[in-house]
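Letter by letter, the chains look like this.
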There are 2 protein chains.
Amino acid sequence: MRHKEGNKEKAIIEAAIETFAEDGFYKSKIVDIAEKANVAIGSIYVYYKNKDDILLKIFDQIWEPIYNDMKRIASDKSYTPTQKFEFMLDSVFDAFEKYPEKAVVFVNEQNRLMKERPKSFTNYYELFIKEGEKIIKSGIRSSEFKNLNVRIFRRFVLGGLRELLREWTKNPTKRSLNQIRDSVKYFCKTGILDK
Amino acid sequence: MRHKEGNKEKAIIEAAIETFAEDGFYKSKIVDIAEKANVAIGSIYVYYKNKDDILLKIFDQIWEPIYNDMKRIASDKSYTPTQKFEFMLDSVFDAFEKYPEKAVVFVNEQNRLMKERPKSFTNYYELFIKEGEKIIKSGIRSSEFKNLNVRIFRRFVLGGLRELLREWTKNPTKRSLNQIRDSVKYFCKTGILDK
DNA sequence: TTTTTTTGTGAATTGATATTCAAAAATAAT
DNA sequence: ATTATTTTTGAATATCAATTCACAAAAAAA
């Protein structure tokens, strides 16, 4: 039986991440992805059903590790809800810091894709959200947090995060991301009013 | 000289708002917009340069009235910074409450468009942002607000707002929007911690 | 070595849809 | 009524790019 020469599957998805980040999904051409990955156009269709399928696999790659982090954090009894909340933010920031192109794809493509293909979109994202909400609820139960509307709060925070990541990807340095991270934590915890 | 029969220009942009909201910009077909507006395909190209041009004009329509509101609010000396901040949020919420399809176009298309066509994107948005930042800065100067990073704060808040509007557009009732509005104001002012 | 199976290729096909433009229709001017 | 001007039309054109597939090359099996 013939062995695969090199790892074309990986080369393709990495080329796709770069290309989607650069040009956006709709303007990205399969030809360009093939060139960047050093494979023939046809090879792409050996490893992926179609262009959409590549994007869906990218989102699996984005959210699976973050969800795994979350599970670990959420189940650790030695953390307070506030600490868990901060670690949750850290796990998102850390993931995107390592691979800014994934952050670009996330901020630009996730919403459209979730709307267009709700069935096929990665489950790991939904699971991540669930764990996040659990953390907030436990903080409310223990009176560490205010009794705010959890769904509204988590959407607001994730939306804000996404927007900041979007800005960050234009100049993705470690320093600027840390500044964003600290500001978000501080603001979420204490709000805007000075008292 | 022949007079225009009816207002095709307006019919076209309104049909386009509906269509873009429903299908997203890339999947929207000029043919469908023409049908919805009850005009021939060719007429669209009489009033607009191309498909992109329609979208750009929609964003003018979205941000001009909001910016005008903002100017009025920002220059009114009888409001405190906190009041101005709340009125600023109200002006965004009110605008989209009146025309939810515009909210859909805003949440789905603005970022991509600003990235792809930064030169042609409506100036009113940038002006709106500037007025908003001025309000925050004046609150910091008067020690009513904490000394937070203004750019990070305004991105976070606008990102959060957009995400909540996105959710709201799935079921755009007055009641649910008011709930979001109150939650956002409360959260922005005082944060998550219960003390 | 020969055969079989798996993997890789890219020119050709297919489908889609934005845009054009020559002609027609509607109105105004003479 | 005739001509001139403006507005409208939609079939035809042009462009673009995703996907296919018949074939080739490489490796494994016989």
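Cut-offs and rules
Every chain begins its residue count from 1, and numbering advances along the sequence as written. Think of it this way: whatever chain is written first is A, whatever ligand is written first is 1, and the rest follow in order. pLDDT decides what is reported in this predicted model: residues at 70 or higher carry local features, side-chain atom pairs at 80 or more are listed and counted, and totals for whole chains, interfaces and linings draw on all residues regardless. The side-chain numbers reported here are obtained from all heavy atoms of the structure, hydrogens and water having been left aside. Every case where a carboxyl oxygen of Asp or Glu lies within 4 Å of a side-chain nitrogen of Lys or Arg is listed as a salt bridge. Put simply, DSSP H or I for four residues or longer makes a helix, DSSP E for two residues or longer makes a strand, and each gets a number counted from the N terminus. Note on contacts: a residue pair qualifies if any of its non-hydrogen atoms lie within 4.5 Å across the two residues. By buried area we mean the combined loss of accessible area, with a 1.4 Å probe, across both parts when two parts are placed together. Pairing of N or O atoms within 3.5 Å defines a polar contact, subject to two protein rules: one partner must be a possible hydrogen donor and the other a possible acceptor, and residues neighboring in sequence count only if both atoms are side-chain atoms. Side-chain atoms within 4.5 Å are what join buried Ala, Val, Leu, Ile, Met, Phe, Trp, Tyr and Cys residues into a set we call a nonpolar core. Only protein chains enter the accessibility calculation, which uses a 1.4 Å probe. A residue is then buried if its area is under 20% of the maximum for its type, exposed if over 50%, and partly exposed in between. Domains are outlined according to an automatic or database domain assignment. The residue classification treats Ala, Val, Leu, Ile, Met, Phe, Trp, Tyr, Cys and Pro as nonpolar and Asp, Glu, Lys and Arg as charged. All others, Gly included, are polar. Least squares is the method for superposing the copies, and the C-alpha atoms it fits come from residues with pLDDT of at least 70 in both. Fitting a line to C-alpha atoms yields each axis, with helices limited to the stretch in contact; the angle taken between N-to-C directions then spans 0 to 180 degrees. Roughly parallel covers angles under 35 degrees, roughly antiparallel covers those over 145, roughly perpendicular covers 65 to 115, and oblique covers all other angles. A crossing counts as left-handed when the near helix is turned anticlockwise from the far one by less than a right angle, and as right-handed when that turn is clockwise.

### Remarks on the pattern of salt bridges
In this structure the tally under the stated criterion is 45 salt bridges over all chains. Ionic pairing is found between E163 of chain A and R162 of chain B, a salt bridge with its closest N-O pair at 2.3 Å. Placement of E163 of chain A in helix 8 (residues 150-168) and of R162 of chain B in helix 8 (residues 150-168) is noted, with the two residues assigned to different chains. Residues K10 of chain B and E14 of chain B are paired through a salt bridge, measuring 3.9 Å at the closest nitrogen-oxygen approach.

### Things to note about the interface of chain B and chain A
On the chain A side, the residues contacting the 44 residues of chain B number 44 residues. For the pairing of chain B and chain A, the buried interface totals around 4,200 Å² over both sides, and the portion due to carbon and sulfur atoms is 62%. In terms of surface lost to chain A, no three residues of chain B exceed K146, F156 and I192 of chain B, which account for 20% of the buried area on that side. The tally of links from chain B across to chain A stands at 10 salt bridges. Salt-bridge contacts for K27 of chain B lead to E116 of chain A; the nearest nitrogen and oxygen are separated by 3.5 Å. On the surface where chain B and chain A come into contact, there are 25 residue pairs in polar contact (both at pLDDT 80 or more). Going through the elements one at a time, helix 1 (8-23), helix 6 (100-116), helix 8 and helix 9 (174-190) of chain B are the ones with two or more residues in the side of chain B that touches chain A. With 14 residues, the top contributor of residues to the side of chain B that touches chain A is helix 8 of chain B.

### As for the nonpolar core
Judged by nonpolar contacts, the single largest core of 126 residues is most densely connected at F128 of chain A together with F128 of chain B. With near-sequence residues (within four places) excluded, F128 of chain A lies in contact with W63, I66, Y67, M70, M88, V92 and L158 of chain A.

### Considering unusual backbone geometry
In this structure, S143 of chain A takes a positive phi of about 60° despite not being glycine. Here S143 of chain A lies in the loop between helix 7 (123-141) and helix 8. A positive phi angle, close to 60°, is found at N38 of chain B, a residue other than glycine. For N38 of chain B, the position within the fold is in the loop between helix 2 (30-37) and helix 3 (41-47). N38 of chain B sits in the exposed class, given a relative accessible area of 70%.

### Concerning the domain arrangement of chain A
Residues and elements named next belong to chain A. Each assigned domain of chain A is listed here: domain 1 (1-48) and domain 2 (54-190). One C-alpha centre belongs to domain 1, the other to domain 2; they are set 28 Å apart. Each partner contributes to the interface: domain 1 provides 11 residues, whereas domain 2 provides 13 residues. Taken together, the two surfaces of domain 1 and domain 2 that pack against each other cover about 1,200 Å², and 76% of this comes from carbon and sulfur. Per-residue buried area on domain 1 facing domain 2 is highest for I13, I17 and F20; these three make up 42% of the total on that side. Seen at the junction of domain 1 and domain 2, the total is 0 salt bridges. Broken down by element, the residue count for the side of domain 1 that touches domain 2 peaks at 6 residues, all from helix 1 (residues 8-23). Among the residues forming the side of domain 1 that touches domain 2, the class breakdown is 9 nonpolar, 1 polar and 1 charged.

### Some details on the relation of the copies chain B and chain A
The two copies are related by a screw motion: chain B maps onto chain A through a turn of 180° and a shift of 0.0 Å along the axis, at an RMSD of 0.0 Å. The superposition of one copy onto the other is thereby described by a two-fold rotation axis. When the interface residues of chain B are mapped onto chain A, 100% of them again fall at the interface, so both copies present the same face.

### Side note on the packing of helix 5 (residues 81-98) of chain A against helix 7 of chain A
All names here are of chain A. At a minimum axis separation of 8 Å, helix 5 and helix 7 run at an interaxial angle of 155°. It follows from the interaxial angle that helix 5 and helix 7 lie roughly antiparallel. The two elements helix 5 and helix 7 cross, and the hand of that crossing is left-handed. In contact with P81, K84, F85, M88 and V92 of helix 5, helix 7 contributes F128, G132, I135, I136, S138 and G139.

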